[in-house]
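# Observations on chain architecture
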Amino acid sequence: MAQNKSSNIGHIALITIAAAIGGFLFGFDSSVINGANAAIKVHFNASDLNLAWAVSLTLIGAAVGAYFAGRLADSFGRVRCMLAASILFFFSAIGSGLPYGIPDFIVWRVVGGIGMGVASIIAPIYIAETAPSHLRGRLGSMQQFAIVIGIFVALLSNYIIVRIAGSANNTLIAGFKAWQVMFWVEIIPALLYTFAALKLPESPRYLISKGRIDEAREVLAKIDSTDVDGQIRNITETFKNDRPAKLSDLLETTDGHTHIAPIVWAGLGIAILQQLVGINVIFYYGTMLWQSVGFEESHSFFFSLFSSGINLTMTIIAILLIDKIGRKPLLLTGSVGMTLTLATLGICFSMGTGTNNGNLGAAGPIALVAANLYVAFFAATWGPVMWVMLGEMFNNRIRAVAIAVCGLAQWFANFAVTWSFPILTGKSGIGPGPTYLLYTFFAAFSIFFVAKFIRETKGKQLEDM
């Protein structure tokens, strides 16, 4: 049996990598704006509020895409949804580099955001439904690993482009500015995602839900040929009396009172808290943030790239640990680490000589270390673990709709943080210090939440959830 499973590892890994390309595009599309936002603000003479909308409305598109992705996946299949997302990424990349003004720039970013939302939901569903239970944590972590690779590549390409052009607002090629070319780099991975989606097998659980048993048998045999008929029986059992999942399925009745099921509250909690700790501020606004507290543009681009490298490295650590240590211990470790490092950042930024263009002085190096330790704690814990748990903590009947709701909540939390950051740290805001102390509060609250409401899912079959 062990030999059989080993002989199929290559096939399983290829499926997972291909599906996770969507995660790469998710990461790239969300972070490419980091190098362009300051230049866009100058190019269009935009206010802090204009910039906030230009960056954050992408996430409303992502929220919409995430909400409908589960239903579309149940109706049309996981693979077709991946293909649709790849097309959205492709056209968004082209249009974002050719805006006439802030309004149409926002439109193209929202198109990409819808693709991000679909990819964020479909990849964990697909990976969870094709990976064997003893590898599901590691393979599920490939989603977050692909996201952080996408973030790193986006910031690396931004850095290289700025080094060549001299500034994000300088002309780079054929009359187009550097910040425009930053968006066009995404065309390449979008085409790769299209090709991969055309080659992927459909999820066996989706096939069984549609009565396509022979096709499901063929897919399962390639993943793990041990007792394929038994696997089909187990999956089929979970679809007895099956009907399309509805929002009402997330409710349960106890002692005559109807309320949201505790497992759904747990999913919503980890999805929202993953964003309220402010992690995406580093990847969406990091370059502008470091410039605002006194660092030069070239140094700020490098700091953002370095933080992304830490993010990538620590995600690899998470992949190695998640099936050994478990999900809950990693979340608790991350919560404690983020609380301490965010508090340090808040104190350092509060020592600046003003809310904007302040010089941190001796606190500057401490802030840089604290920021990268914060990224390290997040990347090794909450980054990948949240996505793995959303993919596996719900039973087959409600998984798609539950993940859709949690994904919607996650994206709205992301929007709230992303929209508010330029305003909170802008000319009329409270400044970077108090803003980071606000993120510290949510990190501290997450310690209590995980300890009280999160159950371990390590090693459990999806059919046992």
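Residues numbered from 1 in each chain as written. Predicted model: local features only at pLDDT ≥ 70, side-chain atom pairs only at ≥ 80, totals over all residues. Heavy atoms only, no water.

### Let's talk about the packing of helix H16 (residues 327–350) against helix H18 (residues 382–392)
To describe two helices that pack against each other, one gives the angle between their axes and the distance between the axes. Where H16 contacts H18, the axes come no closer than 9 Å and their chain directions differ by 145°. Crossing handedness for the pair H16 and H18: left-handed. Residues Arg327, Leu330, Leu331, Gly334, Ser335 and Met338 of H16 pack against Trp382, Val385, Val388, Met389 and Glu392 of H18. Residues of the contact of H16 with H18, tallied by class, amount to seven nonpolar, two polar and two charged. (Axes fitted to C-alpha atoms, helices over the stretch in contact; angles between N-to-C directions. Helix = DSSP H or I, 4+ residues; strand = E, 2+ residues; numbered from the N terminus. Left-handed = near helix turned anticlockwise from the far one by under 90°. Contact = heavy atoms within 4.5 Å. Nonpolar A, V, L, I, M, F, W, Y, C, P; charged D, E, K, R; others polar.)

### Remarks on the packing of helix H19 (residues 399–424) against helix H20 (residues 432–453)
Axis separation between H19 and H20 bottoms out at 10 Å; the angle between their running directions is 150°. Taken as axis vectors, H19 and H20 run roughly antiparallel relative to one another. Along this stretch, H19 crosses H20, giving a crossing that reads as right-handed. Packed against H19, whose contacting residues are Val417, Phe421 and Leu424, the element H20 presents Thr435, Tyr436 and Tyr439 at the interface. (Parallel < 35°, antiparallel > 145°, perpendicular 65-115°, else oblique.)

### Details of the environment of Gln410
Within the secondary structure layout, Gln410 lies in helix H19. Separated by 138 residues in the primary sequence, Gln410 and Ile272 place their C-alpha atoms 4.8 Å from one another. What Gln410 contacts, discounting residues up to four positions off in sequence, is Ala271, Gln274, Gln275, Met386 and Trp387.

### Section: the confidence of the model for the chain
With 92% of its residues at a pLDDT of 70 or more, the chain has an overall mean of 84. Within the chain, no element has a lower average pLDDT than helix H1 (residues 2–7), which sits at 43, and none a higher one than H20, at 94. The model gives residues 1–7 a pLDDT under 50, and that stretch makes six contacts with residues more than four places away or in other chains. Predicted confidence for residues 353–357 stays below pLDDT 50, and this span has 14 contacts to residues more than four positions away or in other chains. (pLDDT = per-residue confidence, 0-100.)

### A closer look at unusual backbone geometry
Phi at Asn45 is positive, roughly 50°, even though this residue is not glycine. With respect to the helices, strands and loops of the structure, Asn45 is situated in the loop between helix H3 (33–43) and helix H4 (48–76). Backbone geometry at Ala174 places phi at a positive 50°, although glycine is not the residue there. Examined against the element boundaries, Ala174 turns out to sit in the loop between strand E1 (171–173) and strand E2 (176–177).

### A short note on the side chain of Thr418
Relative to the helices and strands, Thr418 resides in helix H19. Residues in contact with Thr418, not counting those within four places in the same chain, are Val55, Ser56, Leu59, Tyr284 and Tyr285.

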